[in-house]
Structures are given as C-alpha cells and as structure tokens.
Amino acid sequence: MDSASSKQTSTPIDVNVASLRGLTKYFGSMCAVNQLNLDIPRGSMYGFVGPNGAGKTTTLSMLTGMLRPDMGQAWVTGLDVWANPTAIRSKVGVLPDRLRLFDRLSGQELLTYVGLLYGMDKATVASRSTDLLMALGLGDDSRKAVADYSAGMTKKIGLACAVIHAPDLLVLDEPFEAIDPVSARVIAEILRGFTTDGGTVILSSHVMETVEKLCDHVAVIAGGNLLAAGTVEQVAAGQDLESRFIEMVGGVSSAGELTWLRPS
Amino acid sequence: MVATLLRLKYHLVIADMKRSVGRVVLFVFFALYCLMMVFIALVGFGAASEYRTGNEHVVASITTFVGSLVIAGWTILPLLFFGVDQTLDPARFRPFPLRGSRLAPGLVLAGVIGLPGLVTAVLCLGVALLWLGHGAVFVGLIAGSLGFLMSQVGCRLATTALSGTLSSRKMRDLTGVIALIVILVLSTGGYVVSMGLSLWSSRAGGGAATLATVEQIAGVLAWTPLGSPWAILGAAGQGQWGMSVVFLVLTCCYLGLGIWGYGVVLDRAMLAPDRVSSARVMGSGNIIDAVSSWPGLSGRLAGMGAIMGRCLRYWRRDPRYLGQLPAVLMMPVLFTIMGLTMPLMVEAGGDEVPLELMGFMSNLSLGLIAFGLGFAAVMAGYTLSADLAYDSTAWWIHLTSGVRGWQDRLGRVLASVVVMGPLVLVVGIAVPWFLYSGSVVPNVVGAMIVLYAAGLGVSSIFSAWIVYPVALPGESPLKMRTGMMGAQMLSQFGSLTIAGLLALPVCLWAIVARGWMSWIVLAVGVVWGGILMAAGVFLGGKLTESRGPTILSILMKNDSKDRN
C-alpha cells in the first residue's frame, strides 16, 4: 500500500514512460478518481485491476487524452498530456472499452483509415495491416463490415487499430474481454514480445488470473482510490493475487447463506 | 397477468420520464398539446352531431373510412418508424417461463399507457359523441373500445410478426429508406392532392362525386378488420340493428383471431434466437485506400483523404446520411409546386381577377421557386452539421490519432461536395432553364453555390460547437432522440441564418444582374463560396481541436442515454 505513496517523487523520464500526479475526476458530485499517483516503468506490463465502477476506464481515459481531468497531471514520455494534446498521440496506442468503431468499414479499411489518420505512409499501412489481420486470425474476415463482427473479433480489430502505428505505450481497456482462449494466447504473445523489445503496456482487467499470469506490475483501484501498486509479488504479498485483491476491496463475508440454493 | 403488464408499462414510462427535467417538461408540453387537440376533436364530434339528421349514412361512411385509416396507421406506421414503442419488447420476456397466449392480452392493453395510445383511445370512444341524442351513442362506446383494441392488436401483431425480419441490419436500412420516401410523399403529396381536389371540385362540382367514392370504399372496409368496429356504430346509427349485431360478431371474431395470432407469433418471437445477421462481404475494394490515392490527396493530405473516403462510404451505406435528402428536397419541391399552381388557382377564381393581380402572382410564384432553390442549397450544406454526431463514439479515433481539426472538417466537406454538389448544379441549371429562361442560369447557379458553400462552412463550425443527439449508428434515421429538438433547432436556426446572411450579397446581386453580368455573379459566387468554406474549415478545425475531449464526452453521453 505504501509503495504507491513512496513513488510520489518524480523519477527520471527514461525509467517511467507514464506518470500520474494527483489525477482527479468528478462526475457531478461523484468522485470517480481521487488524487491518483502512479508511475508506469518503461518496459513493464502493467495490470490495472479493480471492481466494476472503480475508476479504471476514467483513469485510462485521462492518461490517453480522451477525458480532461479536473485536477492533476498525466505525463507520457516526459510530456504533459493536457499541455501538449497532440504531441503524445503518435507515441500512444489506445484500445478503449465500449466505444464504437467506424463499423461500416471492413476490417481492412478500418485499419487503413486509422493508419492514415496517424499520418503513416500508405505502403507501411498496407503491409502492417495485412500482418496484423493475419496475426490476429482476421484474415478471412478482413473484407467484412466490422458491424458484422462478433464481440471477440471487434476487440481484436480494435487491438490492431491500437498498435498499427507502433507506439511506445499501449493503453488497453479490458483487452481480453470476450476473447476466446486461442486468441487470448496470441494477444498475450504479441504483448509480451512488445514489452521485451522495450514497449510498455497498461491493461485493465477484472480477471485476476490473466493479470497474474501476464503482468509484472499491478495497481489496485477501488472507489476512485489507489489501494496498492507495485510489482505483482509486492502487491500479492505472499498470497495469490485474487485473494489479496478481495481482501483489499472487501469481499463477500460468506457464501454459505443461500442454503436453499441446492439442486434437489 | 394483464394487471402486472399494465403496471410494468406504467412504471417503465414514469421511470423513463423521470430521467431528466427536460423530458418531463417535454412530456408536459406534448400532453397539453394532445389534451387541447383531443378537446377540440371531441367538441367537433359533439357539434357535428347537430347536423346528423338526414345525413346518417354520410356520418357512418366517414366514420368507417377515417376509423379504418386509424387502425391501418397503427398497424403500418410502427413498422416504418420503429422503435416507436418497444417498452414491452417481447424479447425481454424470454427468460421467464411464460406462454405468448398469456402475455398477449396484457401487451395489447398496455398500449393504452402512453400518450399516443391514450389519445387514440379517447378519440375512439369520442366517436360516440357523433350520435348524441340517439340510441346509438351507447353502441358508440362499445364500437369505440373495440376499434381501439383492433388498432392495438394490429400494431402488436404486425411489429411482432415481422420483428425477426426487421431486426436485420439490411432490413432496418431498407425500412428507413422506405419511411423517408413515405414522409417525402406525405409532406408534399398532401398539398398536391388537396390542390388537385380543390381545383377539380371547383371546376366539375366534384364534391358529391368524392363523397360517393368514400361511401363505396367505406362499404367494402366495413367487412374487413379495419372497418368492422366502426360499422357496428354506423349500422346502429342508421337504425339497422340487425346489421349492427352482425358487425359486432364479425369484429369479435376478428379480435379473437388477432389476439390468438398475436399469441402464436409471440411464442415464435420469444423462442427465436437473437438476430442472426449474415455477414456481408464488402467487395474487394478498399475505399479508404482508393480515395486517399486520388491525385493531390497523397502525403500530408492522406489523413484528410481517408476521412473523405470514409464519409463517402457512409453516404452510400448508412441510411442516416441519405435520410437527410428529404429535408433538403422538401422545400424546393413544395415551393415549386406552390409557385406553379398559384396562378392556376387565381385563374380558377374566375374572370373578375384584375390584370395587375395576375402580374403580381406570376412574380410571386417565381420568387417562391427561387426561394425554394436557395433554401435547398443552404440546407444541402447544413446536412453536414450532423456529420460528427453521426460518428457517435467512433470519433475517439480522430481524437487519439491526433489528426488535425482541419483535416477532419475538410474530409467531410469534400465528401458532401462529391455527393451533393452535382445535385445542386443539376437543380440550379434545370429549374430556371425549364421554368423561366436559360439566361438566368448563371445567376441561379452562382447564388446556389454560394449558399451551399456558406452552409458547409458554417456547419463545419457549428457541428463542432453544438453536437446534438442524433439516431445512433444502425438505428432508423427517423428515430428521434430526447434532447434532440432544442439543440438541433438552435443549431439549425443559427447556422441557416448566419449562412444566409453571409451569402446574401451575392444572392441580391443575382436577382438584379442580367446579361454578361450574370457570369460575373457566377464567378463571384464561386470565389466567395470558396472563401466561406475555407474559413469554416479553418475555424471549425481549430474548434474541433480545442474542444476534442468535450466533444467525445458529449458523444458518449448521447450514446448511452437511450441505450439499455
């Protein structure tokens, strides 16, 4: 728990690819994110966990320049996100949760679109989009409208959009939701390869197993407050991550009350 | 079960309304409006009963005719404008172990909770007032309730029976387009028909003939489910009590059959799997690639080209885009028809019309046509104001990719020029050519170009400033969203006024210029239009960039507001 506060002092840019300082967001009178401080070390696979409505998406949106914070700062690759809104764009890849895509484009067209918006040249966009569609198993569906994709396929094409411009930092909101085990394995491989080569991944999830298996760092957030942050070993503190998580956010007292819930 | 469903509907309607103050206010206004209309109608019915004596068969026929229209309307319109009332969507009862036959009566009756149903119910019962002071007035109450029930059964039966077909994306797009055509025809057709009728009846004394036709049609309708409830009343009113009983039995059979059939389709709808849409292969082309490869669109402009290509795809595939055409075309069509028919109307008035009046009328009709054209041009530009809102939350990628604001604006403007530009030109050339003289074509085209360009430029700024709620991607283009009216009216009034003022100098000049000056007007129109468009793209781009996160949060709010 104190690992979060002990890291408040600013650290050299080359160590941390992203830093949040006193980040706060209110929706009306409801405090969605409260005075959040967090450092994301370069090359880490950073898990962001918390119960539903904890403020994960809100925090990630403020980090990626999609939602203006009420107070505090977000720094990415040494740049203040809200002072240089366009400067960080090419360095960050984003996969938002529950936002739409331009779904009347085909998968291939959507990737081309995103690549060109990032200002990439055509030849690179073409070769990378083919690579991505193949790697993510969307090759056969690349000419179908994204509107006709299943939830898992939509997630995958979204991931492809997030990485096509080869960013330094990937911010992925629930990347494994609705993804089948085979695709999950492929995505995990891609992300591991990316971090090994010096890239950084921040991903949110509420499946502790995924985070424990994949991530080296983890931050626990509940009710807009950061409860713990650090390496997975530090946060888990000798337990498995799920038990430690439930202990921190306050789990169900006992499951033994529904005595009638038995197959008769 | 009936009471439970009625209570459920009541709670859903109330809860839906309570979500915002604006909604309550809107509801109250709408309710007051309905109350007033219903009151006027009821007083009308009562007053009409005074003149009933001796015309019983006329009253009966008209009741049957209009009543049939009401039932047909309830059956057909929800199919086109759907989403009208899915509060008690049968699909939502899937998890419960209920049979369609148990749900059917309750779901039919639940139609009465909600303003359209309530208004229909009161009006149906109010028909009895036509027979004040006659024994049939009590029959009217029975016939009215049966007629109302029939309208609700028709509505429920049709929407549920076709819900499987209607929920596929392709069908939804198709019904959207059909609905728009219906609106266009109704909005202009009503005027044409009434004009034609009044011309016809003033010349041939055809009022009696029209009535006879109505009576004939009503005679047939009386035997169908649409007319039989009303025929009970009509027959009773004319003292044919035997026939009245026949129609009563017939109506009850129809209703029983309808409710039974509704139960059957309900069962089918509740057991059917969720919509299975067959994926469509878009063809081998890549429109983004193609458009951004156009000469002059490579390099720094490639992002803009991509946006233009995407907009062109949406103009073609997303019915919400072409759905704006009726709004563009309605005014010029209406004004042209009015302009063309007005002299005819004056002629029909007889010989005593003075010559000066005739001259004034022909000038006025030209003025009307010109105004219609100008309005169409500026509206064609204004269609861009919903463009960003139509993206809905998919716009996030414009924000996170850091694409420049002017690229966002210009891509949309150019896509609109590709689609609407030729239309503006063709109309601007053809209408003056055929209706007046070829010599004023440059004036008209010049004025229309400047109005269109001003519309585009002003909308480029307004669409980043006022992002009003629109139908969401995949929804029917006609779906109205709450909160749409206020913001959209502000946006529309503001941008049309400003665009009109900016274009006014050229338009005024176009009215007076003749001969070679006409061509100068055209040239000035193109240049001034270009300047206005460029300024709009530049300022709108700046605004889009500075308001980016705010715009995204508005889009997110609009997306989630009416979704479940």
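These remarks concern the structure in this document.

Here is what the cut-offs are and how they apply
Residues numbered from 1 in each chain as written. Chains lettered and ligands numbered in written order. Predicted model: local features only at pLDDT ≥ 70, side-chain atom pairs only at ≥ 80, totals over all residues. Heavy atoms only, no water. Helix = DSSP H or I, 4+ residues; strand = E, 2+ residues; numbered from the N terminus. Buried < 20%, exposed > 50% of the residue type's maximum accessible area, 1.4 Å probe, protein only. Contact = heavy atoms within 4.5 Å. Areas by Shrake-Rupley, 256 points an atom, 1.4 Å probe, with all protein chains shown as cover. Lys, Arg positive; Asp, Glu negative; His and termini not counted. Charge placed at Lys NZ, Arg CZ, Asp CG, Glu CD. Buried area = accessible area lost by both parts, 1.4 Å probe. Salt bridge = Lys/Arg side-chain N within 4 Å of Asp/Glu carboxyl O. Polar contact = N/O pair within 3.5 Å; in protein donor to acceptor, adjacent residues only side chain to side chain. Nonpolar A, V, L, I, M, F, W, Y, C, P; charged D, E, K, R; others polar. Patch = residues over 30% accessible without salt bridge, like charges linked within 9 Å, V, L, I, M, F, W, Y side chains within 5 Å. Axes fitted to C-alpha atoms, helices over the stretch in contact; angles between N-to-C directions. Parallel < 35°, antiparallel > 145°, perpendicular 65-115°, else oblique. Left-handed = near helix turned anticlockwise from the far one by under 90°. Phe/Tyr/Trp six-rings, centres within 6.5 Å; stacked < 30°, edge-to-face > 60°. Lys NZ or Arg CZ within 6 Å of the ring centre and 35° of its normal. Pairing = 2+ DSSP bridges.

The next point concerns the overall build of chain B. Of the regular secondary structure elements, chain B holds 23 helices and zero strands. Looking at chain B as a whole, 46% of its 564 residues are labelled buried. The long-range fraction of contacts in chain B, counting pairs at least 24 apart against all pairs at least 6 apart in sequence, stands at 81%. Summing over all exposed atoms, chain B offers an accessible surface of approximately 26,400 Å²; the carbon and sulfur share of this is 75%.

Below, the discussion takes up the overall build of chain A. Scanning chain A for helices and strands turns up nine helices and 10 strands. Each principal axis of the C-alpha atoms in chain A carries an extent, and together these give about 60 × 55 × 40 Å. Expressed as a percentage of its 264 residues, the buried residues of chain A come to 55%. The long-range fraction of contacts in chain A, counting pairs at least 24 apart against all pairs at least 6 apart in sequence, stands at 65%. Considering chain A, the positive charge centre built from 22 side chains and the negative charge centre built from 28 side chains are found 5 Å apart.

Counting through the fold element by element, B:P78 comes out in helix α3 (residues 56–80). A C-alpha to C-alpha distance of 29 Å links B:P78 and B:S491, two positions 413 residues apart in sequence.

Counting residues at the interface gives 49 residues for chain B, matched by 30 residues for chain A. Around 3,700 Å² of area is buried between chain B and chain A when both sides are counted, 60% of it from carbon and sulfur atoms. Counting across the chain B and chain A interface gives three salt bridges. One salt bridge connects A:R100 with B:D559, and the closest N-O pair in it is separated by 2.8 Å. At the junction of chain B and chain A, the tally comes to 12 residue pairs in polar contact (both at pLDDT 80 or more). Put simply, the parts of the chain that give the side of chain B that touches chain A at least two residues each are α8 (169–204), α12 (287–292), α13 (302–317), α18 (396–400) and α23 (548–561) of chain B. Its residues assigned to classes, the side of chain B that touches chain A shows 21 nonpolar, 17 polar and 11 charged.

The next thing to look at is a negative patch on the surface. Residue and element names in this part refer to chain A. Residues E209, E212, D216, E233, D240 and E242 make up a contiguous surface patch of negative charge. Note on placement: D240 falls in the loop between α8 (232–236) and α9 (241–249). Owing to a relative accessible area of 38%, D240 belongs among the partly exposed residues under this scheme.

The subject of this paragraph is the packing of helix α6 (residues 136–161) of chain B against helix α11 (residues 241–271) of chain B. All names here are of chain B. Direction vectors running N to C along α6 and α11 enclose 25°, while the axes themselves pass 9 Å from each other. On the basis of their axis angle, the class for α6 and α11 is roughly parallel. Between α6 and α11 the crossing geometry is left-handed. Its residues assigned to classes, the contact of α6 with α11 comprises 18 nonpolar, five polar and two charged.

A separate point is the packing of aromatic side chains. This model, assessed by the stated rule, comprises eight aromatic pairs over all chains. Taken together, a centroid distance of 5.3 Å and an interplanar angle of 85° make the contact between A:F102 and A:Y113 edge-to-face. Taken as a pair, A:F102 in the loop between β6 (92–95) and α3 (107–117) and A:Y113 in helix α3 lie far apart in primary sequence, 11 residues in all. Judged by relative accessible area, A:Y113 falls into the buried class, the value being 0%. On the accessibility criterion, A:F102 (1% relative accessible area) is buried. An aromatic cluster of at least three residues, connected via ring pairs, comprises A:F102, A:Y113, B:Y314, B:W315, B:Y321 and B:Y390. Over the face of the ring belonging to B:Y314 we find B:R310, whose NZ or CZ atom lies 5.1 Å from the ring centre.

All names here are of chain A. Strands sit in the order β6-β7-β8-β3-β9-β10 across an open sheet of six strands; the sheet is mixed. Each of the sheet's edge strands pairs with one partner strand only, and the pair in question is β6 and β10 (225–231). Strand-to-strand twist across the sheet, computed as the mean angle between neighbouring axes with direction ignored, equals 15°. Lying over the sheet, helix α5 (residues 151–163) contacts β6 and β7 (169–173), oriented at roughly 165° with respect to β6.

Let us now look at the environment of B:Y390. All names here are of chain B. Here Y390 lies in helix α17 (residues 387–391). A relative accessible area of 10% places Y390 in the buried class. Sequence-wise, Y390 and Y321 are 69 residues apart; in three dimensions their C-alpha atoms are separated by 8.5 Å. In this structure Y390 touches R320, Y321, Q324, V470, A471 and P473, once residues within four positions along its chain are discounted.

Moving on: helix α4 (residues 100–109) of chain B. Residues of α4(B) that are buried include every one of B:G100, B:L103, B:A104, B:G106, B:L107 and B:V108, and no others. Packing partners of the buried residues in α4(B) comprise α1 (2–17), α6 and α11 of chain B.

With that settled, the discussion passes to the sheet that holds strand β2 (residues 30–41) of chain A. Residue and element names in this part refer to chain A. The four strands are arranged β2-β1-β4-β5 in an open sheet whose pairing can be described as antiparallel. Each end of this open sheet is capped by a strand with a single partner; those strands are β2 and β5 (79–80). Across two bridges, the pairing between strand β4 (residues 71–76) and β5 is antiparallel. Note that in β5 the partner of W75 across the bridge is D80. In the packing of helix α2 (residues 56–63) onto the sheet, the strands contacted are β1 (16–27), β2 and β4, and the crossing angle to β1 comes to about 120°.

With that out of the way, let us pick up the pairing of strand β9 (residues 217–222) of chain A. All names here are of chain A. Across the six residues of β9, six count as buried, placing the element largely inside the fold. Side chains H217, A219 and I221 of β9 all project onto a buried face; the interleaved residues V218, V220 and A222 project onto the opposite face, where all are buried too. With four bridges connecting them, strand β3 (residues 45–49) and β9 associate as parallel partners. Note that in β9 the partner of V49 across the bridge is V220. As paired elements, β9 and β10 share six bridges and run antiparallel to each other. Considered in β10, the bridge of V218 is made with G230. Hairpin remark: β9 followed by β10, antiparallel, with two residues in the connecting loop; positive phi at G223, about 55°.

What follows is about the pattern of salt bridges. All names here are of chain B. Under the defined criterion, the tally for this structure stands at 18 salt bridges over all chains. Residues D391 and R310 are paired through a salt bridge, measuring 3.1 Å at the closest nitrogen-oxygen approach. Of this pair, D391 sits in helix α17 while R310 sits in helix α13, and the two are 81 residues apart along the sequence. Like D391, the residue R310 is buried in the burial classification. Linking E545 and R404 is a salt bridge whose minimum nitrogen-to-oxygen distance equals 2.9 Å. In this pair, E545 is assigned in helix α22 (residues 517–546) and R404 in the loop between α18 and α19 (405–435), connecting sequence segments 141 residues apart. On the basis of relative accessibility, which here comes to 31%, the residue E545 falls in the partly exposed class.

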